[in-house]
Amino acid sequence: MIFESYDGTPGLIGLIVPENLEQFGTLLLPEVRDAIAAGESVTAIGWTVSAVAVGALAGVAEGGWFEVLSFYVAPEYRGQGGGTFLLETMESLLEDLGLSIRISFVSIGSEHDELAGFLGHRGFAPAEHVGYGMYAVSLVEVAGIHMLKKPGKVKTRAFAEIDPFMLKRVGKEADVKMLPLPEGGFSSETIDRDASRFCGGESGFAFIVMEKDEDGALILSVLVNESDNIWKLNALLADALAVVVKKYPPETKLYIPIVNETSEKLVRYLLPGAKQTKRTYEKEL
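What you see is a predicted model, and the numbers here were worked out from it, not measured in a lab. (Residues numbered from 1 in each chain as written. Predicted model: local features only at pLDDT ≥ 70, side-chain atom pairs only at ≥ 80, totals over all residues. Heavy atoms only, no water.)

**Points about the nonpolar core**
Nonpolar side chains in soluble globular proteins generally cluster together in the buried interior.
Right, on to step 1. In this structure, Met210, Leu241, Val244, Leu254 and Leu271 are the most contacted members of the largest nonpolar core, which totals 28 residues.
Right, on to step 2. Breaking this core down by element, the ones donating at least two residues are strand S8 (134-138), helix H5 (139-142), strand S11 (206-212), strand S12 (218-225), helix H7 (231-247), strand S13 (253-257) and helix H8 (261-270).
Right, on to step 3. At 7 residues, H7 tops the list of elements feeding residues into this core.
Right, on to step 4. If you look at the next biggest cluster of nonpolar residues, it comprises 23 residues, including Phe66, Leu87, Leu94 and Phe105. (Core = buried A, V, L, I, M, F, W, Y, C linked by side-chain atoms within 4.5 Å. Buried < 20%, exposed > 50% of the residue type's maximum accessible area, 1.4 Å probe, protein only. Helix = DSSP H or I, 4+ residues; strand = E, 2+ residues; numbered from the N terminus.)

**Comments concerning the side chain of Ser188**
Right, on to step 1. Note that Ser188 resides in the loop between helix H6 (164-176) and strand S10 (197-199).
Right, on to step 2. Relative accessible area serves as the criterion here: at 12%, Ser188 is assigned to the buried category.
Right, on to step 3. Excluding residues within four positions of it along the chain, Ser188 makes contact with Glu183, Arg193 and Glu211. (Contact = heavy atoms within 4.5 Å.)

**Here's the deal with the sheet that holds strand S6 (residues 100-106)**
Right, on to step 1. Across the sheet, 8 strands lie side by side as S1-S2-S3-S4-S5-S6-S15-S7; this open sheet has mixed pairing. Each edge of the open sheet is held by one strand with a lone partner, namely strand S1 (2-4) and strand S7 (125-126).
Right, on to step 2. Where strand S5 (residues 65-73) lies against S6, 4 bridges are found, and the strand directions are parallel. When the bridges of S6 are listed, Val68 appears paired with Ile103. (Pairing = 2+ DSSP bridges.)

**Here we look at the pattern of salt bridges**
Right, on to step 1. Applying the stated rule across the entire model yields 9 salt bridges.
Right, on to step 2. Where Glu226 meets Lys177, a salt bridge forms, and the shortest distance between an N and an O atom there is 3.4 Å. Placement of Glu226 in the loop between S12 and H7 and of Lys177 in the loop between H6 and S10 is noted, with a sequence separation of 49 residues between them.
Right, on to step 3. By relative accessible area, which is 29% here, Glu226 ends up partly exposed. (Salt bridge = Lys/Arg side-chain N within 4 Å of Asp/Glu carboxyl O.)

Here it is as structure tokens:
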């Protein structure tokens, strides 16, 4: 199935399937690429110009909506109408299925501001609060919170101080219990092993994982308490934040994913300067 543009936009659009996935792989988020390779129910289309893959859009149908999971146009091909070409093509497919379209993303820079403007121009409107997103705060604001100024009730240890074999066993136990873990587990190279903290033993453990992305920002990616001591969460959080405040420049951004109402209230209470960075745009078709 091949689509041509009606307004002179160069190139063609076709379906992305496992057989041609390699051609578009770098234009898709890794988890989306893996899902397509595994034959999961992901609908994806790719834009090519002179047989070169330069853009891709992919998502899944859920509850009357097509949730966009990945949307990217190579920088050198932007401004040529490819983004609109991809969206219009997908919208034409979705109309036949009675689905509307929704896209959510974490806004962390000017590129995402441009995306928001582009979606608005294409008829998308900001959605009401949909699920939980991610908050961002600078380490300048983190340094001033009260919990860093009080001695902790529970002692924690850095991942760097822990026997790797014990940490591996805890990781396996967490995996068996289907607890959240960083991508790649505790051996991931993105983990800051000083700021990531642990307390307890192989049973009754608790841990926090702090990761650093390629742009230098920090992500509090995992916070788990498998013990009956509620103070462990406070201690882990306080000790992890104390480390990053000392270790990184004050302008460094810290991103905190929100998974439920309790974690959102906690972030708002402890870090009142944190800002919601998730944006969701919808368009009914």
